[in-house]
Amino acid sequence: MNIRKKWHLRIKQKFNNINSKEKIIIIKEIIKGANPYLPVWEHIPDGEPRVFTYNGEKRVYVYGSHDTLRSQYCGKDYVVWSAPVDDLTNWRYDGVCYESMSGEPLYAPDVVEKDGFYYMYVAEDRGSKIYVAKSENPAGPFTDPVLTDIGFDPGVLVDDDGKIYVYWGFTKSHCAELEDDMATIKKETVVENMIPHCVSQFNPDMEYTDTDFSFFEASSIRKAFGKYIFIYSKRFSASEPGYEKDTNAYLAYAYSDTPLGGWKYGGVISCNMGECIKGEDGEIHRAYAHCNNHGSIINTGNQWYIFYHRKTGTDEFARQGMIEPIDVAEGKDGTVYIGKVSYDESGEPVSASEVEMTSQGAHKDGLDAYGIILSAYACYVTPADNGERAYIQPVYEGDISPAVNIKSGTVIGFKYIRFGDTSPEKIQISADGISENTKIIVNVDSPDGAVIAELNGENTAELKNAVTGCHAVYFSFIAQDSEKDLCSFNSFTFM
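Before going into details, it helps to say that this report is about the structure given with it.

### Quick look at the overall build of the protein chain
Stage number 1. Looking only at helices and strands, one finds one helix and 37 strands in the protein chain.
Stage number 2. A compact globule built from 495 residues should have a C-alpha radius of gyration of about 23 Å, and the protein chain, at 23 Å, falls within 12% of that.
Stage number 3. Reported as C-alpha extents along the three principal axes, the dimensions of the protein chain are approximately 80 × 50 × 50 Å.
Stage number 4. Out of the 495 residues in the protein chain, the part that is buried amounts to 58%.
Stage number 5. Sequence separation of 24 or more characterises 56% of the internal contacts of the protein chain that already satisfy a separation of 6 or more.
Stage number 6. Of the roughly 20,100 Å² of accessible surface on the protein chain, 45% is carried by carbon and sulfur atoms.
Stage number 7. Mean positive and mean negative side-chain charge positions of the protein chain (47 and 73 charges, respectively) differ by 5 Å.

This is the structure:
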């Protein structure tokens, strides 16, 4: 990959100065580190975030699959990106760290540190063979791979006492302790069906199923409060309000006082399908297209985050990494709460619910309204009236990943935009193919919230109403011909 591509675009904008008829030029840059948090041409799903200190610098490293093949899952190399622990909007490309030995795609990896060395668990041959490779640098390269006894989607923990535990499985969960060689499973420690799995066509074993844990894949293990936290992809076998059946778009967690048993179900942490909305059929739907999911949680010292991935395009072969701040708390009774945690008047945690899927990611105060906000940062993309959904078009070079297949009735939304204390005067969009017959209504807070602007076939409009503070922003596309593609929506900014 040519990493010398521009990480953000600089655009010159000309408009009339309020106090002068002279034209002025303003240089604006694309906001970086939003959701998705890597450049739009980079596709790294299955992200396992790790905090490592190397050469005196503490950084978050992300290891995942690499969706480069375009017509199937994953790719034939792993690459590493990292960011300072105190700024997860500032990502650095650290290079290729491992390449497939067989020429077959590499599936989800994991990396741990032990005794000054870094060990990458690489998923060769589409995850059917797990090797462990070694490096003195968290960015690799990882070399000298050794075949292990471990199965699909490995998650590894080096415990405080130096013992190594591994978790794996596809529709059936397993865990075990590893020997000090980091590769050999201690056979006597293997636990099958460590938590119950989902009912699915992929697994006819019905004895160990349930609707609470409902394990599907994507094993990941962490620790908090001295407890073992198991993060995984949950697949709902039955429809529940806000949770769609047979969709493994949810990251859930279980927790235990011991590494190999005694698990309690915690709940869903996040979902890559966006918020719940009520459709015209009266049913609850999600505001973004569903996709498989894989990720984990980290603590940077001041903030917990969950890393996950979402879909771009019309299939699952161009997935992108996402990030959300979360709360992680322990109750007096030992219950672990992860996600959006609610507290009682005394500060005691009492419940946790799924965190929002946002556009802002680690920009915890919202995206700057005066920067260039890419359409690729949309977290709300609803179908048109005819049921065809607009989508974010995958790209593998360049800085623009547009929203396309926009029909009359499409709504594209962003959470959240920071306007500050003074309202802007104008909005400007970048859209290709827009015609004078297309109206775009800009609302805040909800798709039918206060209207702040209307664009009638043009790219720039005065604001109808002042807006300050931090708000969700929605673009509703309206035209007489509901079947026609209205435009390719690239970005927007306020002035």
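This is not the end of the story, as more comes after the structure.
### Topic: the nonpolar core
Stage number 1. Counting 64 residues, the largest nonpolar core has Phe414, Phe475 and Phe489 as its most contacted members.
Stage number 2. When residues in this core are grouped by element, the largest group, four residues, is from strand β31 (residues 411-420).

### What about the sheet that holds strand β16 (residues 227-234)?
The pairing of strands in a sheet comes from backbone hydrogen bonds and takes either a parallel or an antiparallel form.
Stage number 1. Strand order in the open sheet formed by four strands is β15-β16-β17-β18, with antiparallel pairing between adjacent strands. Both edges of this open sheet fall to β15 (215-224) and β18 (264-271), since each of them pairs with a single strand only. Pairwise comparison of adjacent strand axes, ignoring direction, gives a mean angle of 25° for this sheet.
Stage number 2. Judged from the six bridges that link them, strand β17 (residues 250-256) and β18 form a sheet pairing that is antiparallel. Looking across to β18, one finds that tyrosine 255 is bridged to lysine 264.

### A few points about the sheet that holds strand β23 (residues 320-330)
Stage number 1. One open sheet accounts for five strands, arranged β21-β22-β23-β24-β25; its pairing is antiparallel. The sheet is open, and its two edges are formed by β21 (296-299) and β25 (349-353), each paired on a single side. Direction aside, the axes of adjacent strands within the sheet are offset by 50° on average.
Stage number 2. Where strand β22 (residues 304-310) and β23 come together, seven bridges link them in antiparallel fashion. Pairing of tyrosine 305 across the sheet is with proline 325, part of β23.

### As for a negative patch on the surface
Stage number 1. A contiguous patch of negative charge, built from Glu179, Asp180, Asp181 and Glu188, is present on the exposed surface.
Stage number 2. Residue placement: aspartate 181 occurs in the loop between β13 (174-178) and β14 (191-192).
Stage number 3. A relative accessible area of 42% means that aspartate 181 is categorised as partly exposed.

### Some thoughts on the environment of phenylalanine 317
Stage number 1. With respect to the helices, strands and loops of the structure, phenylalanine 317 is situated in the loop between β22 and β23.
Stage number 2. On a C-alpha basis, the gap between phenylalanine 317 and glycine 339 in space is 27 Å, while along the polypeptide they are 22 residues apart.
Stage number 3. Residues contacting phenylalanine 317, with those up to four places away along its chain left out, are Asp67, Arg70, Ser71, Gln72, Tyr73 and Tyr396.

### What about the packing of aromatic side chains?
Stage number 1. Per the stated rule, a full pass over the model turns up 31 aromatic pairs.
Stage number 2. Ring geometry for phenylalanine 419 versus phenylalanine 494: centroids 5.0 Å apart, planes at 75°, classification edge-to-face. Here phenylalanine 419 is found in strand β31, whereas its partner phenylalanine 494 is found in strand β37 (residues 488-494), with 75 residues between them in sequence.
Stage number 3. For phenylalanine 419, a relative accessible area of 3% puts it in the buried group.
Stage number 4. Judged by its relative accessible area of 0%, phenylalanine 494 falls in the buried class.
Stage number 5. Taken together, the aromatic side chains of Phe414, Phe419, Phe475, Phe477, Phe489, Phe492 and Phe494 make up a single cluster linked through ring pairs.
Stage number 6. A cation over a ring is seen here: lysine 134 above phenylalanine 117, with NZ or CZ 4.1 Å from the ring centre.

### Comments concerning the environment of glycine 313
Stage number 1. Counting through the fold element by element, glycine 313 comes out in the loop between β22 and β23.
Stage number 2. A C-alpha to C-alpha distance of 25 Å links glycine 313 and alanine 123, two positions 190 residues apart in sequence.
Stage number 3. Filtering out sequence-adjacent residues up to four positions away, glycine 313 remains in contact with Tyr391, Ile392 and Pro394.

### Overview of the pattern of salt bridges
Stage number 1. The tally for this structure, following the rule as stated, stands at 20 salt bridges.
Stage number 2. Between aspartate 159 and lysine 223 there is a salt bridge, with the nearest N and O atoms lying 2.9 Å from each other. Placement of the pair is aspartate 159 in the loop between β11 (155-158) and β12 (164-168) and lysine 223 in strand β15, with a sequence separation of 64 residues.
Stage number 3. You can call lysine 223 partly exposed: its relative accessible area is 24%.
Stage number 4. Residues lysine 227 and glutamate 330 are paired through a salt bridge, measuring 3.8 Å at the closest nitrogen-oxygen approach. Pair noted here: lysine 227 is in strand β16 and glutamate 330 is in strand β23, with a separation of 103 residues, a long-range link.
Stage number 5. By relative accessible area, glutamate 330 is classed as partly exposed at 32%.
Stage number 6. Several salt bridges share partner residues, and in doing so they unite Asp46, Asp67 and Arg319 into one network.

Cut-offs applied
- Residues numbered from 1 in each chain as written.
- Predicted model: local features only at pLDDT ≥ 70, side-chain atom pairs only at ≥ 80, totals over all residues.
- Heavy atoms only, no water.
- Helix = DSSP H or I, 4+ residues; strand = E, 2+ residues; numbered from the N terminus.
- Rg over C-alpha atoms; globule rule 2.2 N^0.38 Å.
- Buried < 20%, exposed > 50% of the residue type's maximum accessible area, 1.4 Å probe, protein only.
- Contact = heavy atoms within 4.5 Å.
- Areas by Shrake-Rupley, 256 points an atom, 1.4 Å probe, with all protein chains shown as cover.
- Lys, Arg positive; Asp, Glu negative; His and termini not counted.
- Charge placed at Lys NZ, Arg CZ, Asp CG, Glu CD.
- Core = buried A, V, L, I, M, F, W, Y, C linked by side-chain atoms within 4.5 Å.
- Pairing = 2+ DSSP bridges.
- Axes fitted to C-alpha atoms, helices over the stretch in contact; angles between N-to-C directions.
- Patch = residues over 30% accessible without salt bridge, like charges linked within 9 Å, V, L, I, M, F, W, Y side chains within 5 Å.
- Salt bridge = Lys/Arg side-chain N within 4 Å of Asp/Glu carboxyl O.
- Phe/Tyr/Trp six-rings, centres within 6.5 Å; stacked < 30°, edge-to-face > 60°.
- Lys NZ or Arg CZ within 6 Å of the ring centre and 35° of its normal.

Such coordinate-based values are descriptive only and should not be taken to indicate function.
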